[in-house]
Amino acid sequence: MTNNETAESAGTESGIGLTETTKTTTVGDIKIFAANANPKLAQGAVAQLKLPLGNSEAGKFSDGETKITVNETVRGADVFIIQSTGPPVNDNLMELLIMLDAMRRSSAGRITAVIPYFGYARQDRRSRSHDPISAKLVADMITKAGASRILTMDLHCPQIQGFFDIPLDHLKGVYLFANHYKRPEVFGNNMSDVVVVSPDFGSVARCKNFANMLNVPLAIVDKRRLDDRKSEIDHFIGDVQGKHAILLDDVLATGGSLTNAAKVAMDKGAKDVYACVTHAILCGNAVENILASPIKQLILLDTMELDPAKKEKLGDRIKIISVAEYVGKAINCIHNNESIGELFEQMGSEQ
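Residues numbered from 1 in each chain as written. Predicted model: local features only at pLDDT ≥ 70, side-chain atom pairs only at ≥ 80, totals over all residues. Heavy atoms only, no water.

Chemist: It is not clear to me how the overall build of the chain should be interpreted in this structure. Could you clarify?
Modeler: Within the chain one finds eleven helices and 14 strands. Considering only contacts in the chain between residues 6 or more positions apart, those separated by 24 or more positions represent 67%. Here the chain has roughly 15,600 Å² of accessible surface; of this, 47% comes from carbon and sulfur atoms. (Helix = DSSP H or I, 4+ residues; strand = E, 2+ residues; numbered from the N terminus. Contact = heavy atoms within 4.5 Å. Areas by Shrake-Rupley, 256 points an atom, 1.4 Å probe, with all protein chains shown as cover.)

Chemist: Can you walk me through the pairing of strand β2 (residues 56-60) in this structure?
Modeler: Sheet faces and side chains relate simply in a regular strand, where the side chains alternate between the two faces. Pairing geometry for β2 and strand β3 (residues 66-70), over five bridges, is antiparallel. Its bridge partner being in β3, Gly59 is matched across the sheet by Lys67. Here β2 folds back onto β3 in antiparallel fashion, the turn holding five residues, of which Gly64 has a positive phi close to 95 degrees. (Pairing = 2+ DSSP bridges.)

Chemist: Which parts of the structure should I look at to understand the environment of Gln43?
Modeler: Looking at the element boundaries, Gln43 is found in helix α1 (residues 39-48). C-alpha separation for the pair Gln43 and Ile82, spaced 39 residues apart in sequence, amounts to 9.9 Å.

Chemist: Just checking my understanding: could you explain empty space enclosed by the protein for this structure?
Modeler: A water-sized probe rolled over the atoms picks out the places where empty space is left. Considering all chains together, one arrives at one cavity of 30 Å³ or more under this definition. Considering only enclosed or pocket space, the largest cavity measures out at about 30 Å³ in volume. Looking at the largest cavity, the residues that line it are Val114, Ile115, Pro116, Leu151, Thr152, Met153, Leu171 and Val327. Among the secondary structure elements, those contributing two or more residues to the lining of the largest cavity are β5 (110-115) and β6 (149-153). When residues in the lining of the largest cavity are grouped by element, the largest group, three residues, is from β6. When its residues are assigned to classes, the lining of the largest cavity shows seven nonpolar, one polar and no charged. (1 Å grid on protein atoms, 1.4 Å probe; cavity = no way out; pocket = protein on both sides within 12 Å on 5 of 7 lines; lining within 4 Å. Points joined across faces, edges and corners; volume = space filled by probe spheres on them. Nonpolar A, V, L, I, M, F, W, Y, C, P; charged D, E, K, R; others polar.)

Chemist: Could you clarify how one ought to interpret the packing of helix α2 (residues 89-105) against helix α3 (residues 134-145) in this entry?
Modeler: Angle between the axes and distance between the axes: these two values describe a pair of packed helices. The geometry of α2 relative to α3 is characterised by a closest axis approach of 8 Å and an angle of 25 degrees between their N-to-C directions. Relative to α3, the element α2 is oriented roughly parallel. Along the contact surface, α2 presents Leu93, Leu96, Leu97, Leu100, Asp101 and Arg104, while α3 presents Val138, Met141, Ile142, Lys144 and Ala145. Its residues assigned to classes, the contact of α2 with α3 comprises eight nonpolar, no polar and three charged. (Axes fitted to C-alpha atoms, helices over the stretch in contact; angles between N-to-C directions. Parallel < 35°, antiparallel > 145°, perpendicular 65-115°, else oblique.)

Chemist: What is the right way to look at the sheet that holds strand β4 (residues 78-82) in this model?
Modeler: Whether parallel or antiparallel, the strands of a sheet pair through hydrogen bonds between backbone atoms. If you trace the five strands from one edge of the open sheet to the other, you get β1-β4-β5-β6-β7, paired in parallel fashion. Either end of the sheet is taken by a strand with one partner, and the two such strands are β1 (30-34) and β7 (168-171). The sheet shows a mean angle of 15 degrees between the axes of neighbouring strands, taken without regard to direction. In the sheet, β6 pairs with β7 via four bridges, with the strands oriented parallel.

Chemist: I would appreciate a short explanation of the pattern of salt bridges in the present structure.
Modeler: Once the charged atoms of two side chains with opposite charge are near each other, the side chains can pair. The final tally for this structure, using the stated rule, is twelve salt bridges. The closest approach of N and O atoms between Asp101 and Arg104, which form a salt bridge, is 2.6 Å. Of this pair, Asp101 and Arg104 are both found in helix α2, three residues apart, which corresponds to roughly one turn of the helix. Given the relative accessible area of 23%, Asp101 is considered partly exposed. (Salt bridge = Lys/Arg side-chain N within 4 Å of Asp/Glu carboxyl O. Buried < 20%, exposed > 50% of the residue type's maximum accessible area, 1.4 Å probe, protein only.)

Chemist: So what exactly am I meant to see when it comes to the side chain of Gln83 here?
Modeler: One can find Gln83 in the loop between β4 and α2. A residue is classified by how much of its surface remains accessible, and Gln83, at 0% relative accessible area, is buried. At 3.5 Å, the side chain of Gln83 forms a polar contact with the backbone nitrogen of Asn36. At 3.0 Å, the side chain of Gln83 and the backbone oxygen of Asn92 are in polar contact. (Polar contact = N/O pair within 3.5 Å; in protein donor to acceptor, adjacent residues only side chain to side chain.)

Chemist: Sorry if this is basic, but what is going on with the packing of α1 against helix α10 (residues 324-335) here?
Modeler: Direction vectors running N to C along α1 and α10 enclose 55 degrees, while the axes themselves pass 8 Å from each other. Relative to α10, the element α1 lies oblique. As for how α1 packs across α10, the hand of that crossing is right-handed. On the side of α1, the interface is formed by Leu41, Gly44, Ala45 and Gln48, while α10 contributes Ala324, Glu325, Val327 and Gly328. (Left-handed = near helix turned anticlockwise from the far one by under 90°.)

Chemist: Please explain the confidence of the model for the chain as it appears in this structure.
Modeler: Keep in mind that low pLDDT regions are not for reading the predicted coordinates in detail. Confidence in the prediction of the chain, expressed as mean pLDDT, is 91, and 88% of residues score 70 or more. In this model residues 4-12 is a low-confidence stretch, pLDDT under 50, and it forms 16 contacts with partners more than four residues away in sequence or in other chains. (pLDDT = per-residue confidence, 0-100.)

What follows is the structure, encoded as structure tokens:
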């Protein structure tokens, strides 16, 4: 992939205010690059910043090894590399690592790895004897390759932030979801018949924050995981009778947990079920699970490129909200040494 053209507008919903950015810090001029994982997101982010995308190429040698070529000088520059580590996970991770190494060896002033979706996050602790802690290993690899700073969104386990010995900014997709559902055209101006439903206990903190933003009650599905692909529902806590139920989760892999929770909510008397997920991996039979579920609408963020065939199959059942402006604004804050926390406050105040 060659990134040598000025990006065009993302053209998708986000609703975040953005201030003009051409300011230079003591770090050096800002330069933004991308490999193959998030080209559209990268183009959208630089378009919001009114900047060109850095001239680089990410491909493969004839034997399948990752090949990275940087076609412009980055000496002393404030470099940002936009690259999720979702499927194909190993290819995308190697592209990120090698591009980080290329920037470090080219004397970049500072290198920020912008990882909208951080893969290898499921193994953040040793749950059984002889298990690896893959999340820590990947964090060490990214740091060793040359990253000076990390910008990511909705880590599967927030404690992964502590695996890095460099600054990490953790963006939250819940602000985008809350701003979407606050719009009058979704549920009107009356949210009294809306309830947020956590699909499991692991998502309670995130869902509680979401419910507080919407000023609605919270219900919880008590799920017991049988293995990495199957789970079953033990209990349901809360009241969804006659209400619009909104499920919130960070990752959608096969969709089993989300669709099972949707079925339980309907069995408990919900009027209908909506769902919103930050990272849409959509592996296995995820599309079929969603289509067979009672989920009326699924809101997804574009932290990963969605397979066009899967997108077509899901049709009007899904709506995609772009994080390009959100990421662009965060990059702007980092480059200009401004507060990311103030960005959160700005987003939380939007209706």
